[in-house]
Amino acid sequence: MKVKIKILVLFTLIKLSVFSQTNQEYDFIGALMLKNKSLITYRIQFKIENDVLNGFSYTDMQGKNETKSKITGVYNEKKKIISIKESDIIYTKSKELSDIFCFVNIEGKLKLKKNKNTIEGPFTGIYNNKDTCATGEVVLISLKDAFIKFEKLTNKAGKIKKLDSVTKAKLNPDKFISKFNPNILKKDEVLSVFWKSNKFIIEIWDNGKEDGDLISLTHNKKTIFRKYEVKKEKRRIELDLIEGENIIEILANNDGKIAPNTAKVILIDGDTEHLISTHLEAGKSSKINIIYKSN
């Protein structure tokens, strides 16, 4: 009887182990390496459930063409092969919108090892008309492993007496990871978001220290508020959208006590939320282009 119970417990643990391996959330950062040797920052966040993959990709983070897209795919656990395909654009800073956008398709190896989870393999960029727009290799490491490795490098560098303070500051792990944070709007940037609902809800607040940052907000050149002091408490605004493009402009009226002028913004599209950070100098602005189609 005891032997049967032990076998049953062991079988249950094996089932739980297999389930945990095929039902997980992942976050990888790294780069797309093009044939001409240029690099494009790349980040993917996804879930794998029963070998089926769903999530999002971020291309050219904090660059002029930063784009968030949906990704789908499959994972062959036995062969450790992962297939990923980009599809719908969620938002983009690129002037080239969906009709001529280059979507990344990856066929690589997902290696899950202690302190080194990686995705490596070839990728192909494909237009909607199926023409090839780019080829190269993708090299990604899990966000957690990247942070740990960079933190170890920082600790070693901190022990070098001849290393100047500026260089040490650049080796800060938080600053390293921040380079892969998406949705940071800077001066003159336009973020185009593809919208589903006919309502637009925006929440604005200061998630750091309140330092007197003043901002103005307009919708299609109509003033919503002027010289509003950003506080920790969220300010919520609801607007009706028109068919097509809706331009939301955020203007920094000052630098506050601590430059630059910063604010956290959430755009709410039904059940979907887009978190954005604005980093602006006094007198500078950035725009959010809400693209709404009723059908």
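The coordinates are above.
> Where do I start with unusual backbone geometry in this structure?
Most peptide bonds adopt trans geometry, and most residues besides glycine take a negative phi value. A cis geometry characterises the amide bond from A259 onward to P260, with omega recorded as 0°. We note that D60 has phi near 55°; this positive angle belongs to a residue other than glycine. Within the element layout of this structure, D60 appears in the loop between β3 (52-59) and β4 (67-76). Positive phi is not limited to glycine here, since K221 has a value of about 70°. Within the secondary structure, K221 is located in the loop between β12 (214-219) and β13 (222-229). For K221, a relative accessible area of 82% puts it in the exposed group.

> It is not clear to me how the pattern of salt bridges should be interpreted in this structure. Could you clarify?
Between side chains of opposite charge, a pair can form as their charged atoms come close. Across all of its chains, the model carries 10 salt bridges by this definition. For E203, the salt bridge is made with K234, and the minimal N-O distance between the two is 3.8 Å. With E203 in strand β11 (residues 199-205) and K234 in the loop between β13 and β14 (235-240), this pair connects stretches of sequence that are 31 residues apart. With a relative accessible area of 11%, E203 lands in the buried category. Connected through salt bridges with shared partners, the residues E203, K234, R236 and E238 form a single ionic network.

> Looking at this structure, I do not really get a positive patch on the surface. What am I missing?
There is a patch of like positive charges on the surface, built from K78, K79, K109, K111, K113 and K116. Examining the composition of the positive patch, we find that three residues originate from one element, strand β6 (residues 103-113), more than from any other. Note that K78 resides in the loop between β4 and β5 (81-92).

> I would appreciate a short explanation of the sheet that holds β11 in the present structure.
Adjacent strands of a sheet form backbone hydrogen bonds with each other and so pair up, either parallel or antiparallel. Strand order in the open sheet made by the five strands is β9-β17-β16-β11-β14, with mixed pairing throughout. Strand pairing shows two members of the sheet lacking a second neighbour, β9 (184-185) and β14, which therefore form its edges.

> Just to check I follow, could you spell out the packing of aromatic side chains for this structure?
Ring pairs (aromatic) are described by centroid distance and by the angle formed between their planes. Under the criterion given, the structure shown has six aromatic pairs. Between Y26 and F46 the ring centres are 5.2 Å apart and the planes differ by 25°, which places this aromatic pair in the stacked class. Here the residue Y26 occupies a position in strand β1 (residues 23-34), and F46 occupies one in strand β2 (residues 39-49), the gap between them amounting to 20 residues. Across the pair, exposure class does not vary: Y26 and F46 are buried alike. Seen in terms of ring centroids, F28 and F46 are 6.1 Å apart; in terms of plane orientation they differ by 5°. Their pairing is stacked. With F28 in strand β1 and F46 in strand β2, the pair connects residues that are 18 residues apart, well separated along the chain. Accessibility assignment for this pair places F28 and F46 in one class, buried. Ring pairs connect the aromatic residues Y26, F28 and F46, which therefore count as one cluster. The ring of W205 has K234 sitting right over it, with the charged end atom 4.5 Å from the ring centre.

> I keep staring at the pairing of strand β7 (residues 116-126) and nothing clicks. Help me out?
Note on strand geometry: in a regular strand, side chains alternate between the two faces of the sheet. Where β6 and β7 come together, nine bridges link them in antiparallel fashion. Note on β7: the bridge partner recorded for V104 is G125. Hairpin geometry of β6 and β7 is characterised by an intervening segment of two residues between the two adjacent antiparallel strands and by a positive phi of about 65° at N115. Sheet analysis places β7 next to strand β8 (residues 132-142), joined by nine bridges and oriented antiparallel. Bridge pairing in β8 places P122 opposite E137. Hairpin connection of β7 to β8: five residues between the antiparallel strands, including K130 at a positive phi of 80°.

> Quick question: what am I supposed to make of the environment of T272 here?
Position of T272 relative to the elements: it lies in strand β17 (residues 272-280). Separated by 76 residues in the primary sequence, T272 and K196 have C-alpha atoms spaced 9.3 Å apart.

> I tried to follow the nonpolar core on my own but got confused; where do I start?
Soluble globular proteins tend to bury their nonpolar side chains together. With 29 residues, the main nonpolar core has V193, W195, F200, I204, L267, I288 and I290 as its most contacted residues. If we ignore the near neighbours within four places in the chain, the residues touching I204 are I215, L217, F225, V230, E233, K234, R235, A263, K264 and V265. If you look at the next biggest cluster of nonpolar residues, it comprises 20 residues, including F28, L32, I106 and F123.

Criteria and thresholds
Residues numbered from 1 in each chain as written. Predicted model: local features only at pLDDT ≥ 70, side-chain atom pairs only at ≥ 80, totals over all residues. Heavy atoms only, no water. Helix = DSSP H or I, 4+ residues; strand = E, 2+ residues; numbered from the N terminus. Buried < 20%, exposed > 50% of the residue type's maximum accessible area, 1.4 Å probe, protein only. Salt bridge = Lys/Arg side-chain N within 4 Å of Asp/Glu carboxyl O. Patch = residues over 30% accessible without salt bridge, like charges linked within 9 Å, V, L, I, M, F, W, Y side chains within 5 Å. Areas by Shrake-Rupley, 256 points an atom, 1.4 Å probe, with all protein chains shown as cover. Lys, Arg positive; Asp, Glu negative; His and termini not counted. Charge placed at Lys NZ, Arg CZ, Asp CG, Glu CD. Pairing = 2+ DSSP bridges. Phe/Tyr/Trp six-rings, centres within 6.5 Å; stacked < 30°, edge-to-face > 60°. Lys NZ or Arg CZ within 6 Å of the ring centre and 35° of its normal. Core = buried A, V, L, I, M, F, W, Y, C linked by side-chain atoms within 4.5 Å. Contact = heavy atoms within 4.5 Å.

Function cannot be read off these values alone, since they describe shape.
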